[in-house]
Amino acid sequence: MNNNPYSKLFEPVKIGPVVTKNRFYQVPHCCGMGHLRPKAHAAMRETKAKGGWGVVSTEEAEIHPSSDLAPYVEQRIWDKKDIPALRLMTEAVHKHGALAAIELTHSGHNSTNLFSRIPAMSPNAQPVNFLYPKQSRRMSKRDISDFRDWHKRAALNAKEAGFDIVYVYAGHGMSVAHQFILPDMNNRIDEYGGSLDNRLRLTRELLEETREAIGDSCGVAFRFAVDELKGKDGMQFEEEGRAVVELLSEHPDLWDVNVSDWSNDSQTSRFQPNEGYQMPYVELVKSLTTKPVVGVGRLTSPDLMVKLIDRGALDLIGAARPSIADPYLPNKIKAENTDQIKECIGCNICVSSDNFSVPIRCTQNPTMGEEWRRGWDPEYIKPKLSDQQALVVGSGPAGLECSLQLARRGYQVTLAEAENKLGGRVLFESGLKGLSAWKRVVDNRVHEILQKNNIEVYKESRLTEDLISELGIKNIFLATGSSWRKDGVGRSRRSPIQGLESIKVYSPEEAVQNHKDIKAPIVVYDDEQGYLAGVIADHLKTKNVEVVFITPASVVSPWTDSTLEQKRVQESLINSGVKIICNQSIYKIENATALLECTYTGSITKVPCKSIVMVTERISNSTLYDNLMQSNLEGKTQYNIQAIGDAEAPGLIADAVYLGHLAAQNFEADEADIQKGMFMREMPSLK
Ligand SMILES: Cc1cc2nc3c(=O)[nH]c(=O)nc-3n(C[C@H](O)[C@H](O)[C@H](O)COP(=O)(O)O)c2cc1C
Ligand code: SF4
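### With respect to the overall build of the protein
For the protein, the helix and strand inventory stands at 23 helices and 28 strands. Each principal axis of the C-alpha atoms in the protein carries an extent, and together these give about 75 × 65 × 55 Å. Expressed as a percentage of the 687 residues in the protein, the buried residues total 61%. For the protein, long-range pairs separated by at least 24 residues make up 71% of all intrachain contacts whose partners lie at least 6 apart in sequence. Surface accessibility of the protein: about 27,400 Å² in total, with carbon and sulfur atoms responsible for 49%. Positive and negative side-chain charges of the protein, numbering 81 and 89 respectively, have mean locations separated by a distance of 1 Å.

If you want it as structure tokens, here you go:
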């Protein structure tokens, strides 16, 4: 270990009365399992501990019914009844020598209270931070005192549940403590409002009372967003942010530093390509306290981690997404297998699952969220059951993942790709503006595939039924992807747009390839309402193409709200001069003009349109699948055929990777089990 260039990362760090075995710290992140699925939650956190993380944290843990986050599924520590479920996690994490941390949270006006139906409360009366027409009430002195009691009681219950580190949380504008600190959320004129000293009063009380309650045996961590990235309109790290740190510098046992709001903290690589983007904020805090500091910012590269420690920028390498993409990241660094790290691509699909209140998922790590219900682990997979061989046709995300996992199980795999490069749709998408990090989906897998001696890879091999017959492999996975349709059929219109033959119609790929020949103005028509049309418009604009973006949706790329990007997407298009037309569907092209129909009134308007990029719907490339199935039906062959990924049903890259993984896991499994399509479920107690 001493010769390991990364040995510094494995030094222990004291956090108050507890010591973490190394510098790898999984900061709080939600996972859509929380209090509703405690076994799944514990198993996911256990995988992180098994993978070498020194500290493994929960997500936000609601401390009281007046801080209910439904429909979001977070953690819960309302009273002692929550202790057994939480203990599942602490015991699982401790088994592997890691510390367990819990982020105690009262969400103030960020609470929805849709489940508890208690009015939300916050420093000021104001609308709740959820699209629902109700407001929080202003906290009285009695409320403040009650809240402090609940926080203290939750800390004691956390200790009883086995946690080693207990958080006071003042981040994201999502906690009462933070809301009291921020002047635009606190206009009180009592001793809890006005001066910074007053606005910090509650946080100081929480830190002191938490220490008093559990500080003998647990570390007290303070998560603080030192800058809101709003310039003068918010907290700035060189102004009030700094003052907060100076005033509280020695109060907590650990500073967990980030920026606010959530969309600034968990920025995607599309808008923030730099690893370590939060370091200026973290370093400032580090310079003002003697306590250990943990910082975040998609920290994945071990070389950068060592540099940061050497530079004294921080003490602990904080990670939410890098720990989701690769729960075994610390162990891989320890073993100097850094080339095996599955690098986070910064796509925020993990965030989207939280926003949809479903178990967490990850583009890079298809086992995330499946640890308990399917028994999956990113590093271990069940061995092969026989000496059967498998043929995988297509090397997009589904084909690569399926081939790799079949080979890891020990099967002999043949992977055939029609093009001269492996990667399928990822190659195209990662070439677009802002998406270069997505290429890691291909690079990480191809790197591993090339190290295996049981995968034969054939590029420029467009397989036909005859060629497949010659290969003589019976088990065939068809990962042939999908193609964008060019007739305008999409989410809002189920019949083709009329008159398209009179203009040039491009698929997204064709538009990017032929941007020099495009006749402006080009319409990018988004009736998929995902992310791609926004990226294409942005990309074409960088090539000086005059772009009009038309969509039946009421905003640009509405799906990207779930990845915390929508505002940035729309801002980027506006700033780059793309003309945006919302709430309109195209129903006809006539005389180089698009006729638009208002989605509400049906009224017609006209927009000049010499060419159009259709981003509306995809069709699975199923010709080979259909022909092979037909051959089976006619009794000519007896193939075991499965379409996977976009070839089965087009979706996100994350969906394709997942379906490729699922197919490999299910290969040769009992047919009855597969037919059930099921996984373990946590059933409500009927007690
Ligand atoms: C899926 C997801 C859920 C998160 N949930 C929480 C949370 O419950 N509490 C919190 O303080 N931060 C939460 N965060 C923010 C992270 O803790 C972290 O500060 C941020 O993602 C930046 O770190 P990273 O680049 O390592 O992901 C979440 C982040 C992600 C990606
Ligand atoms: S879903 Fe994307 S952003 Fe989230 S951890 Fe996985 S790769 Fe990273």
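### Some thoughts on the site of ligand 1
Close contacts around ligand 1 come from 24 residues, with Pro28, Glu103, Asp265, Ser266 and Arg298 the closest. Residue Asp265 places a side-chain N or O atom 2.6 Å away from an oxygen atom belonging to ligand 1. Arg298 is positioned with one of its backbone polar atoms (N or O) 2.6 Å from an oxygen atom of ligand 1. With the chains in place, 99% of the 600 Å² that ligand 1 exposes on its own is no longer accessible. Sorting the residues of the shell around ligand 1 by element identifies β4 (55-62), α8 (262-265), α11 (321-325) and α13 (349-355) as the ones contributing at least two each. Grouping the constituent residues of the shell around ligand 1 by class yields twelve nonpolar, five polar and seven charged.

### A short note on the sheet that holds strand β14 (residues 389-393)
The five strands lie next to each other as β16-β15-β14-β17-β28, forming an open sheet whose pairing is parallel. At either end of the open sheet lies a strand with only one pairing partner, and these are β16 (455-458) and β28 (640-643). Across this sheet, the average inter-strand angle for adjacent strands is 15 degrees, counted without regard to direction. Pairing analysis gives five bridges linking β14 to strand β15 (residues 412-416), with the strands arranged parallel.

### Notes on the site of ligand 2
Near ligand 2 you find Arg321, Ile324, Ala325, Cys344, Ile345, Gly346, Cys347, Asn348, Ile349, Cys350, Cys362 and Thr363, and these make up its full shell. Residue contributions to the shell around ligand 2 peak at three residues, all from α11. Class assignment for the residues of the shell around ligand 2 results in eight nonpolar, three polar and one charged.

### Observations concerning helix α2 (residues 83-94)
Look at α2: 16 Å from first C-alpha to last across twelve residues, which is about the 16 Å you get at 1.5 Å a residue. Among all positions in α2, only Ile83, Leu86, Met89, Thr90, Ala92 and Val93 are buried. Of the surrounding elements, those touching the buried residues of α2 are α1 (38-50), β4, β5 (75-76), β6 (99-105) and α3 (141-161).

### Some words on the sheet that holds strand β19 (residues 504-506)
Two modes of strand pairing occur in sheets, parallel and antiparallel, and in both the strands are linked by backbone hydrogen bonds. The strand order β19-β26-β20-β21-β22 describes an open sheet built from five strands, whose pairing is parallel. Each edge of the sheet is formed by a strand with only one pairing partner; in this case those strands are β19 and β22 (579-581). Pairs of neighbouring strands in the sheet enclose a mean axial angle of 20 degrees, with direction left out of account. Bridge count for β19 against strand β26 (residues 611-615) is three bridges, and the pairing is parallel. The residue of β26 that forms the bridge with Lys504 is Ser611.

### Considering the domain arrangement of the protein
A common way to report how large an interface is uses the accessible area buried once the components associate. Here the protein is described as being made up of domain 1 (7-355), domain 2 (389-481 + 621-669) and domain 3 (487-618). Computed from C-alpha coordinates alone, the two centres of domain 1 and domain 3 are separated by 40 Å. Contacts between the two partners involve 14 residues from domain 1, matched on the other side by 13 residues from domain 3. The largest per-residue losses of area from domain 1 upon contact with domain 3 belong to Ser263, Arg270 and Phe271, which jointly make up 53% of the total buried on that side. Scanning the region where domain 1 abuts domain 3 turns up zero salt bridges. Our count for the contact surface shared by domain 1 and domain 3 stands at six residue pairs in polar contact (both at pLDDT 80 or more). Elements that contribute at least two residues to the side of domain 1 that touches domain 3 include exactly α8 and α13. In terms of residues, the side of domain 1 that touches domain 3 owes the most to one element, α13, which gives four residues. Of the residues assigned to the side of domain 1 that touches domain 3, the class counts are five nonpolar, eight polar and one charged.

Procedures and definitions
- Residues numbered from 1 in each chain as written.
- Chains lettered and ligands numbered in written order.
- Predicted model: local features only at pLDDT ≥ 70, side-chain atom pairs only at ≥ 80, totals over all residues.
- Heavy atoms only, no water.
- Helix = DSSP H or I, 4+ residues; strand = E, 2+ residues; numbered from the N terminus.
- Buried < 20%, exposed > 50% of the residue type's maximum accessible area, 1.4 Å probe, protein only.
- Contact = heavy atoms within 4.5 Å.
- Areas by Shrake-Rupley, 256 points an atom, 1.4 Å probe, with all protein chains shown as cover.
- Lys, Arg positive; Asp, Glu negative; His and termini not counted.
- Charge placed at Lys NZ, Arg CZ, Asp CG, Glu CD.
- Near = heavy atom within 4 Å.
- Polar contact = N/O pair within 3.5 Å; in protein donor to acceptor, adjacent residues only side chain to side chain.
- Nonpolar A, V, L, I, M, F, W, Y, C, P; charged D, E, K, R; others polar.
- Pairing = 2+ DSSP bridges.
- Axes fitted to C-alpha atoms, helices over the stretch in contact; angles between N-to-C directions.
- Expected span 1.5 Å × (residues − 1).
- Domains from an automatic or database assignment.
- Buried area = accessible area lost by both parts, 1.4 Å probe.
- Salt bridge = Lys/Arg side-chain N within 4 Å of Asp/Glu carboxyl O.

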